[in-house]
Amino acid sequence: MPTLPLTPANFEAVITRHPIVLVDWWADWCGWCTRFAPVYESSAERHPDIVHGTVDAVAEEAMKNAAEVSAYPTLMAYREGLLVYNEAGYIDSESLEELVQNIKWLDMEKIRREFAEQHGAPADPYGAVVPAVPGATSRMAGLAPIPSRYGWPGL
């Protein structure tokens, strides 16, 4: 599956409707972004079940500011609508593959409980309120439909 350009018009829908979404924030003048692009595209081909989105941070400056992206490339990962990874810097192919596998095996119930504890909210097993883009206020994330291959084997 090719990478998917993300804009304010489709960002929320993509994050909430897909089990796992990776988002590459890039700038055309960034040398490391140019080096990371083929690694990211290769991951998109290897993992058609995961949405590999891209955001042109220069063209989408308001999104970049809302997400507090200050370095490029920045990779964010969402699982079931929740932000579970956010790091700036180049990632090689092996490290990206390891990250993808780790995201697939996350214990989302534990992550929801930890979020609830940190924010003083009751744990909600059916979703949590986490803005997809920091600063967004109207987003209520819920469970995305997950294929049965996600999670621990046999569960």
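Under an unreviewed UniProt entry, the protein chain has the name Thioredoxin family protein and belongs to Nocardia colli.

Next up on the list: the overall build of the protein chain. Looking only at helices and strands, one finds five helices and seven strands in the protein chain. The proportion of buried residues among the 155 residues of the protein chain is 41%. Here the analysis covers contacts within the protein chain between residues at least 6 apart in sequence; of these, 72% occur between residues at least 24 apart. Looking at the protein chain as shown, the accessible area adds up to about 8,400 Å², and 55% of this sits on carbon and sulfur atoms.

The subject of this paragraph is the layout of surface pockets. Volume-wise, the second largest pocket comes out at about 200 Å³. Taken together, ten residues make up the lining of the second largest pocket; nearest its centre are Leu83, Val84, Ile111, Phe115 and Gln118. Here the element with the most residues in the lining of the second largest pocket is strand S5 (residues 82–88); it accounts for five residues. Grouping the amino acids of the lining of the second largest pocket by side-chain chemistry returns seven nonpolar, two polar and one charged.

The geometry of an aromatic ring pair comes down to the distance between the two centres and the angle between the two planes. Under the definition given, this model contains six aromatic pairs. A ring pair is formed by Trp29 and Tyr72, whose centres lie 5.5 Å apart and whose planes are at 85°; its orientation type is edge-to-face. Note that Trp29 is positioned in the loop between strand S2 (20–26) and helix H2 (31–46) and Tyr72 in the loop between helix H3 (61–66) and strand S4 (74–79), a separation of 43 residues in sequence. Using a relative accessible area of 17% as the deciding quantity, one classes Tyr72 as buried. Between Phe36 and Tyr40, the aromatic rings sit 5.5 Å apart at their centres with planes inclined by 40°, giving tilted as the arrangement.

For the rest of this paragraph, the subject is the side chain of Glu60. Here Glu60 lies in the loop between strand S3 (51–56) and H3. Of the side chains with opposite charge, Lys64 lies nearest to the buried Glu60, which makes no salt bridge, at 12 Å.

The rules we used
Residues numbered from 1 in each chain as written. Predicted model: local features only at pLDDT ≥ 70, side-chain atom pairs only at ≥ 80, totals over all residues. Heavy atoms only, no water. Helix = DSSP H or I, 4+ residues; strand = E, 2+ residues; numbered from the N terminus. Buried < 20%, exposed > 50% of the residue type's maximum accessible area, 1.4 Å probe, protein only. Contact = heavy atoms within 4.5 Å. Areas by Shrake-Rupley, 256 points an atom, 1.4 Å probe, with all protein chains shown as cover. 1 Å grid on protein atoms, 1.4 Å probe; cavity = no way out; pocket = protein on both sides within 12 Å on 5 of 7 lines; lining within 4 Å. Points joined across faces, edges and corners; volume = space filled by probe spheres on them. Nonpolar A, V, L, I, M, F, W, Y, C, P; charged D, E, K, R; others polar. Phe/Tyr/Trp six-rings, centres within 6.5 Å; stacked < 30°, edge-to-face > 60°. Lys, Arg positive; Asp, Glu negative; His and termini not counted. Salt bridge = Lys/Arg side-chain N within 4 Å of Asp/Glu carboxyl O.

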